[in-house]
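A look at the structure
Chain residues, written in single-letter form:
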Amino acid sequence: MVSTAAIISMFVTILFSIALFITMIITAKKKTGLEVKPLILGAVGFIVFSQVLEKVLHVVVITMFPDYADHPVWFGLYGGFAAGIFEEMGRFILFVWLLKKYRDYKSGISFGIGWGGIEAVILTLMIVLPNIIFAFMLNAGVLDSTIGKEMPAETLKTLKDGLLSNGVSFYLLACVERLAAVFMQLAFSLLVLLGVKKKRFSYVIYAIIIHAAVDFPLVFVQTGHFTNLWAVETYVAILGLLGIYFMKKFRKQFDDDSQVTVDHSASVK
C-alpha cells in the first residue's frame, strides 16, 4: 500500500505549486510592481509554446525513434535544444509582437512569473495528480482490475513500483525543484527581454544555448540512466540560485539603461 504520509506529501506538492504562483505575484506587486498583460501572456506563452507546439514535435520524434531512451546523449541534445528553442523563441515572439510597450524590468519579472508560475502548477498537476488517483486505486485494490487491464504488464509493474517506492522526500523535493525552476524562468525572461530592448538577438541565442545546457543532464534522469535523487535536486537548487544571481545582474542593466534614457531626455530639454 501507498503510505498515508506519501499521499499527503503529494497533496502538499500540488498546494505548494499553487501557493508559489500566488506568492510570486503578491511579492512582485509589492517589491517591483506588476504588469498584468505580461503576466497573462507569460502564462499563455508557456502553454502554447511548451505544452502544445513543443509537445507536438516530441510526439513526432518519439514515434519515429521509439528507442530514444537507449540513446540519452542524443536525446538529451534534442530535448535540451527543443525546449530552449520553443521557450526562448516563444518569449522573443511575444515580447516583439504583443508586448511592444513593455521593456522594463517590472515587465520582464511579470512575464517570468506568468511563465514560470503556470509551469509549476501545470507540470505538478500533470505528474502528481495521476499518482494520487493511482495511489487510492492501488490501496483500494482496484488498480489491476481497472486500468491494469488496459496496459502492458511491464508498464503496470513500473507504475506500482513507482507508487510504492517514492516516499515523502520524493514529493517534497519536487517543491524545491519547482521553486528553482521559477527563478530560472525569471532569469531567462529577463535575458530575452534585454535582447529585445537592446536589439541584440544574440541574447536570445545565449538563452537557447543555456536552456539546452541546463536541461541536458536531466534527460539522463528521465531515461533512467541516473537515479540519485539528492544529486539531481542539488543540481536544480544550484540552478535556482544562479537564476537569482542573474536576475540581480540583469536588473542593474535595466536600471542603467533607464538612467541613460533619463539623462538623454534631460540633455535634449
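Residues numbered from 1 in each chain as written. Predicted model: local features only at pLDDT ≥ 70, side-chain atom pairs only at ≥ 80, totals over all residues. Heavy atoms only, no water.

**A closer look at the pattern of salt bridges**
Evaluated as defined, the whole model comprises seven salt bridges. Note that Glu87 is salt-bridged to Arg91, the shortest N-O span being 3.7 Å. Here the residue Glu87 and the residue Arg91 both occupy positions in helix H3 (residues 72-97), the gap between them amounting to four residues, near one helical turn. In terms of burial, Glu87 and Arg91 fall into one category: buried. (Salt bridge = Lys/Arg side-chain N within 4 Å of Asp/Glu carboxyl O. Helix = DSSP H or I, 4+ residues; strand = E, 2+ residues; numbered from the N terminus. Buried < 20%, exposed > 50% of the residue type's maximum accessible area, 1.4 Å probe, protein only.)

**What about helix H1 (residues 4-31)?**
A rise of 1.5 Å per residue sets the reference length of H1, with its 28 residues, at 40 Å; its end C-alpha atoms lie 39 Å apart and thus fit the reference within 8%. The set of residues buried in H1 consists of Ala6, Ile7, Ser9, Met10, Thr13, Ile14, Ser17, Leu20, Phe21, Met24 and Ala28. Packing partners of the buried residues in H1 comprise helix H2 (36-64), helix H4 (105-140) and helix H6 (168-198). At the C-terminal side of H1, Gly33 shows a positive phi close to 90 degrees. (Expected span 1.5 Å × (residues − 1). Contact = heavy atoms within 4.5 Å.)

**A few points about the layout of surface pockets**
When its volume is computed, the second largest pocket comes out at roughly 320 Å³. Taken together, 14 residues line the second largest pocket, and the ones lying closest to its centre are Thr27, Lys31, Ile109, Phe183 and Met247. Taken together, the residues of the lining of the second largest pocket sort by class into nine nonpolar, two polar and three charged. (1 Å grid on protein atoms, 1.4 Å probe; cavity = no way out; pocket = protein on both sides within 12 Å on 5 of 7 lines; lining within 4 Å. Points joined across faces, edges and corners; volume = space filled by probe spheres on them. Nonpolar A, V, L, I, M, F, W, Y, C, P; charged D, E, K, R; others polar.)

**Some thoughts on the packing of aromatic side chains**
Summed over all chains, the structure comprises twelve aromatic pairs. Between Tyr105 and Phe254 the ring centres are 5.9 Å apart and the planes differ by 70 degrees, which places this aromatic pair in the edge-to-face class. Taken together, the residues span a long stretch of sequence, with Tyr105 in helix H4 and Phe254 in helix H9 (residues 229-268) at a distance of 149 residues. Like Phe254, Tyr105 is buried. Here a set of aromatic residues connected by ring pairs shows up, and it is made of Phe46, Phe95, Phe111 and Trp115. (Phe/Tyr/Trp six-rings, centres within 6.5 Å; stacked < 30°, edge-to-face > 60°.)

**Comments concerning the environment of His225**
Mapped onto the elements of the fold, His225 is located in the loop between helix H8 (218-222) and H9. Owing to a relative accessible area of 45%, His225 belongs among the partly exposed residues under this scheme. A distance of 2.9 Å separates a polar atom in the side chain of His225 from a polar atom in the side chain of Thr223. (Polar contact = N/O pair within 3.5 Å; in protein donor to acceptor, adjacent residues only side chain to side chain.)

**Some points on the side chain of Glu88**
Mapped onto the elements of the fold, Glu88 is located in helix H3. Among the polar contacts listed, one links the side chain of Glu88 to the side chain of Arg91, at a separation of 2.8 Å. With residues up to four places along the chain from it excluded, the contact list for Glu88 reads Ala83, Phe188, Val192, Val204, Ala207, Ile208 and His211.

**Quick notes on the environment of Leu190**
Mapped onto the fold, Leu190 is located in helix H6. Relative accessible area serves as the criterion here: at 0%, Leu190 is assigned to the buried category. On a C-alpha basis, the gap between Leu190 and Thr124 in space is 24 Å, while along the polypeptide they are 66 residues apart.

**Description of the nonpolar core**
Residues Met24, Phe95, Ile109, Ile113, Leu186, Leu190 and Met247 are the most contacted members of the largest nonpolar core, which totals 42 residues. Mapped by element, the contributors of at least two residues to this core are H1, H2, H3, H4, H6, helix H7 (202-215) and H9. It is H6 that provides the largest number of residues to this core, a total of twelve residues. Once you skip the residues sitting within four places of it in the chain, Leu190 turns out to touch Tyr105, Gly108, Ile109, Met247, Phe250 and Phe254. One finds Ile7, Met137, Leu159 and Leu163 within the second-largest nonpolar core, a separate group that totals 15 residues. (Core = buried A, V, L, I, M, F, W, Y, C linked by side-chain atoms within 4.5 Å.)

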